[in-house]
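Per-entry structural report
In case you want the letters, here they are:
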Amino acid sequence: MDKGKGVMGSNARRWAVDFSDNSTSPSSRDVPDPPGFSRASIDQDDSTLSRQKKDAESNWKAQKAWEVAQAPFKNLLMMGFMMWMAGSTVHLFSIGITFSALWQPISALQSVGKIFEPYKDSRVELLGPKLLFIALNLGGLALGVWKLNALGLLPTHTSDWVSSLPPAQEVEYSGGGLNLS
Amino acid sequence: MAIRVFLIVLLFLSFTNLTYSLYEDQVGLMDWHQKYIGKVKHAVFHTQKTGRKRVLVSTEENVVASLDLRHGEIFWRHVLGTNDVIDGLDIALGKYVITLSSDGSILRAWNLPDGQMVWESSLPGSKASKSILYIPKNLKADKDDLILVYGKGSLNAVSGVDGEVLWKKDFSGESIEVSHIIQSSDVIYVTGFVDSSKISVYGLNAKNGELLENNHAALPFGTFGELLSVSGDMFVVLDEMRSKIVIVHLRNGEISYNQKHISDLTKDLAGQAVILPSRLPGMFALNINSYVLLIKVTNQGELVLVDKVNNGAAVSDSLSISEDEHAFAFVHYGDNKIHLSVKNVNDWNHDLLKESIVIDHQKGKIDKIFVNNYVRTDRSHGFRALMVMEDHSLLLVQQGEIVWSREDGLASVVDVTTSELPVQKEGVSVAKVEQNLFEWLKGHMLKLKGTLMIASPDDLAAIQALRLRSSEKSKMTRDHNGFRKLLIVLTRAGKVFALHTGDGRVVWSILLPSLHKSEACENPVGLHIYQWQVPHHHALDENPSVLVVGQCGPSLSTPAVLSFIDAYTGMELKSLSPAHTAAQVIPLPHTDSTEQRLHLIIDDKQHAYLYPRTPEAIDILKHEFSNVYWYSVDADNGVIRGHALKSNCIQEAVDEYCFDFRDLWSVVFPSESEKIIATMTRKSNEVVHTQAKVMTDYDVMYKYISKNLLFVANAAPKAAGEIGTVIPEEAWLVIYILDTVTGRILHRMTHHGCQGPVHAVFSENWVVYHYFNLRAHRYEMSVVEIYDQSRADNKDVWRFVLGKHNLTSPVSSYSRPEVIAKSQSYFFTHSVKAIEVTSTAKGITSKQLLIGTIGDQVLALDKRFLDPRRTVNPSQAEKEDGIIPLTDSLPIIPQSYITHALKVEGLRGIVTVPAKLESTSLVFAYGVDLFFTQIAPSRTYDSLTEDFSYALLLLTIVALVAAIFVTWVLSERKDLQDKWR
């Protein structure tokens, strides 16, 4: 299996027999072409074929890349639905969902390169899908943060900062009261 | 970090039930209850051959009790009201205990075996007078056994069976001050003085109270003290110079008297003589200096000195041991022992009993002695003596030994403070405390059985016993959670006790030598107890100490007494008797290098004296000189004054520890419309966690947190008395919240138609107070919360993120922040004896009010019920925030009585102390009884519960580890097999 793969792989060829002679110069040919044979057409045909194949591959890659880039959108919708289901009170379920909603985009963003690795091709423009992917994930992240905020777990209010402040010290001290006994 | 803690608290709060309660088997785990009776005034023995031997006592705490003579336990006990002072106690008809109380106006009969009240009769009268209870033997009127009661200026003959008043003779018209009732067959003689120099005798018919005769005899001189009955018709009294004894003889209503100089009886004694009030047939005891003279009165009215006892202590009443034999006991001191002698009145040379007893000298001298006899198997007489000691404790002595003793001084706690226990030292092994590992394991296995519900009833009993006598809670070292502490209490007798919070035992006690009677200090009383030295970090090798402040008499003008006591050993470190008085003691918020707290003692001439008297203390005070203020509340004149330190005293004698004050401000309340009835401040050691209160919409209100706030409640002068004396239109209650540095009135509010008594508690930025609403005929509680408006514009989050705010910088009261107050009132069912609030180490845990109810129980009420934000229909967000819908009255949930089924009889005060564990607060309630418990207002969110099964946890872990190991081995084996295939 491995060997076969190696043969098929475009970069790892050890040897090859090229049955199609690409040389167009007549001097290099020992035998004249048979009558009715037009070399040019074959050449053209052959090159068209390989180009078509490559085009298809890159097209397929680009298409796949776009698909991958759009995948978080579905995720986003589902997350949104689950968040809506979780409600706005702080409990185990809503906290779990919110944190997974935050964690997924972050982990996805960390591995952007790896995700688009298979579709890397000199002829495939990956910037667009990548940007879309990042944008969608950022959207997911924003959704998570929004949810976090909705749950009141973000220190966006004065109260979050003030509640840990100790009371101010007093300069003066006063004591006394009613007389003893 | 704090947000996280807050979140956790919030999370747990949402799970918390509103009530704090415990299960039946948790009673006694963390709480203890001790029953006392107080200092015994009267004692009557009831030692019939059949039935249990008991002694009936009445005490200065207005308790009537029946004690087991064998063990000193209480059979039954009744605590009468604080105004219902018991004047007389006796047994009638052999089955009723008769008490006379409230200045001779209430007579009650209690069933002797079980203490149930049989009857009560009220004997009204107009004139205040001495009250006498006299139960004659075999005196009947129409088959009813008579009880003669003199009180409120009239003589009443009451039937012993049902308490009905059979006849009444009013003496309030005469100017006689009745001192004795004598019965002679069917005639009752009432004797007394008119203007202390004229003896008057009334003879009354016992059957119907008809006046038979009236005789007078004028003495040529005045008299001192009271008439003492020596025998049926003979009395002795001292003349006004206290140098002569007057013998008054009544014979069938005729009065004759003769007199004798004390110096004729004994040559070498001079001084102020006092006749001791012991009733001895044919004898009396006279106290001169430290000598007790026993003087016999012959039938002819001659006086014979029979004995002279040095260091005499107490003489008992006489006791009839057979037909005509009377015995009595007296004690005197000698070589660190107490010598008890019981003698026959008629046969002086013969001792019926002579014993020497060693009594702990911390109990002081003997105050009173009561004797009782029993017949031994050889038909001779044995005696037991009940002794009331100087520290109010009660001892029973029999056959030269102390059979039992009761620490009844603890019934009159004056003040309480706490002290930490010593830190656990290296070398004290755990095994010593935990017995051994086997025992420990066994205990936990039992617990595990209990958890898995496979325990038999025997096991359950064993588990309960194990929990109750857990050695952990009564160790003498500091614990991690701070549950173990010493409660240091000062009692009215001038004795200081240290009680262990684990089981309530007395760790040490000291009868303060500085509070002993002496010539310089006539009637010393202990007033307050303060923490003097609380060693923390750098002074840990020193023991903590407490300061007891007392004074030499009941009035403010008597000099002060200061005593410093080591809190671990109970030794008096030093005592001072300064020349100045102690009108106020102000513990300052500064300590010196040995962690001694600086105290200012202010005398009645408005000088302040600094303690400790060290140069270092002066340096510290000089540094803070301009920031120390003092305020005085003059309730009589309705004035509150503020003062500030000025300079050293200008006196003849230079005293650099003495300072003068200058007056800064005064608040004068209009005396025609307002009278100060209550004041309250925050506790100086209270810890507040945050200055902000978060509203439901994440808005912030800033609490106005100041230690210098004073709550003052003023009532209309007419309505300052009891409830029901004024109509609602004449009554009002005005409350003020003052700043005691500047004298500024922060808040003032009037409650129309309301009156005191006001009980208040001040904590953080709120005050809760309790009063009576005359219009609604109900008690009410109000809450006032004060917020700082000048901080309210601190709303920009970025300023907080960048730390650019000044909310934690020190503030001065002179900055006059703008404040607003929010308040709300609710009805409350009970009348209240005391209110306190829980205090925790960091002030994060929500608060509960501890209300000492009229039923002598302590009720825990969430502060959330007293929240001005309560509305009738709170929004969803508000509900989530824990706001309870507004109701007109505060709920009383039976499970939230922290005293559960117990009563703290005669409840006077509640003290709360924070434990180290944030969730928990220690509560000590005192009155006639003592009660201690731990409470967690928001549950113990920061620790595992006490009944958590560690064994189960351990077992689970072991099982899991075993399972992991087994599955690992199995999977290895399977892998190997797979590879060979």
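Our structure is the block above this text.
Residues numbered from 1 in each chain as written. Chains lettered and ligands numbered in written order. Predicted model: local features only at pLDDT ≥ 70, side-chain atom pairs only at ≥ 80, totals over all residues. Heavy atoms only, no water.

Here we look at the overall build of chain A
- In terms of regular secondary structure, chain A is built from 6 helices and 1 strand.
- Ordered by position from the N terminus, the helices and strands of chain A form the series α-α-α-α-α-α-β.
- Burial status across chain A gives 25% buried among its 181 residues.
- The contacts in chain A between residues at least 6 apart in sequence include a share of 67% that link residues at least 24 apart.
- Element-wise, carbon and sulfur atoms account for 61% of the exposed surface of chain A, whose accessible area totals about 12400 Å². (Helix = DSSP H or I, 4+ residues; strand = E, 2+ residues; numbered from the N terminus. Buried < 20%, exposed > 50% of the residue type's maximum accessible area, 1.4 Å probe, protein only. Contact = heavy atoms within 4.5 Å. Areas by Shrake-Rupley, 256 points an atom, 1.4 Å probe, with all protein chains shown as cover.)

Here we look at the packing of aromatic side chains
Residue and element names in this part refer to chain B.
- The full count for this structure, using the stated rule, is 17 aromatic pairs over all chains.
- Arranged with centres 4.7 Å apart and planes meeting at 50°, the rings of Phe669 and Tyr736 form a pair that is tilted. Here Tyr736 lies in strand 54 (residues 732-739) and Phe669 lies in the loop between strand 49 (658-668) and strand 50 (675-681), a separation of 67 residues in the sequence. Across the pair, Tyr736 and Phe669 agree in class, each one buried.
- Here the aromatic cluster, defined as three or more aromatic residues joined through ring pairs, consists of Trp32, Phe924, Tyr926 and Phe932.
- Its end group placed over the ring of Phe171, Lys169 keeps NZ or CZ at 5.5 Å from the ring centre.
- Positioned above the aromatic ring of Trp766, the side-chain terminus of Lys863 is 4.8 Å from the ring centre. (Phe/Tyr/Trp six-rings, centres within 6.5 Å; stacked < 30°, edge-to-face > 60°. Lys NZ or Arg CZ within 6 Å of the ring centre and 35° of its normal.)

Some points on the packing of helix 4 (residues 437-451) of chain B against helix 9 (residues 950-980) of chain B
Residue and element names in this part refer to chain B.
- Where helix 4 contacts helix 9, the two axes come as close as 7 Å, and the packing angle between them is 85°. As the angle between them shows, helix 4 and helix 9 are arranged roughly perpendicular. Contact residues: helix 4 offers His444, Leu448 and Thr451, while helix 9 offers Tyr950, Ala951, Leu952 and Leu955. (Axes fitted to C-alpha atoms, helices over the stretch in contact; angles between N-to-C directions. Parallel < 35°, antiparallel > 145°, perpendicular 65-115°, else oblique.)

Topic: unusual backbone geometry
Residues and elements named next belong to chain B.
- For the bond running from Tyr611 to Pro612, omega is -5°, close enough to zero to count as cis.
- Following the sequence through the fold, Pro612 ends up in the loop between strand 46 (607-611) and helix 6 (615-623).
- With a phi close to 60°, Asn62 is a non-glycine residue in the positive phi region.
- For Gln399, which is not a glycine, the phi torsion comes out positive at approximately 50°.
- For Gln399, the position within the fold is in the loop between strand 34 (394-398) and strand 35 (401-406).
- Residue Gln399 is classed as exposed on the basis of its relative accessible area, which comes to 53%.

Notes on the interface of chain A and chain B
- Between chain A and chain B, the residue contacts involve 30 residues of the former and 58 residues of the latter.
- Between chain A and chain B, the buried area comes to about 3700 Å², and carbon and sulfur atoms account for 62% of it.
- Looking at the side of chain A facing chain B, the largest losses of area belong to Glu172(A), Tyr173(A) and Leu180(A), adding up to 21% of the total buried there.
- Where chain A packs against chain B, one counts 0 salt bridges.
- Secondary-structure elements contributing two or more residues to the side of chain A that touches chain B are helix 6 (158-162) and strand 1 (173-177) of chain A. (Buried area = accessible area lost by both parts, 1.4 Å probe. Salt bridge = Lys/Arg side-chain N within 4 Å of Asp/Glu carboxyl O.)

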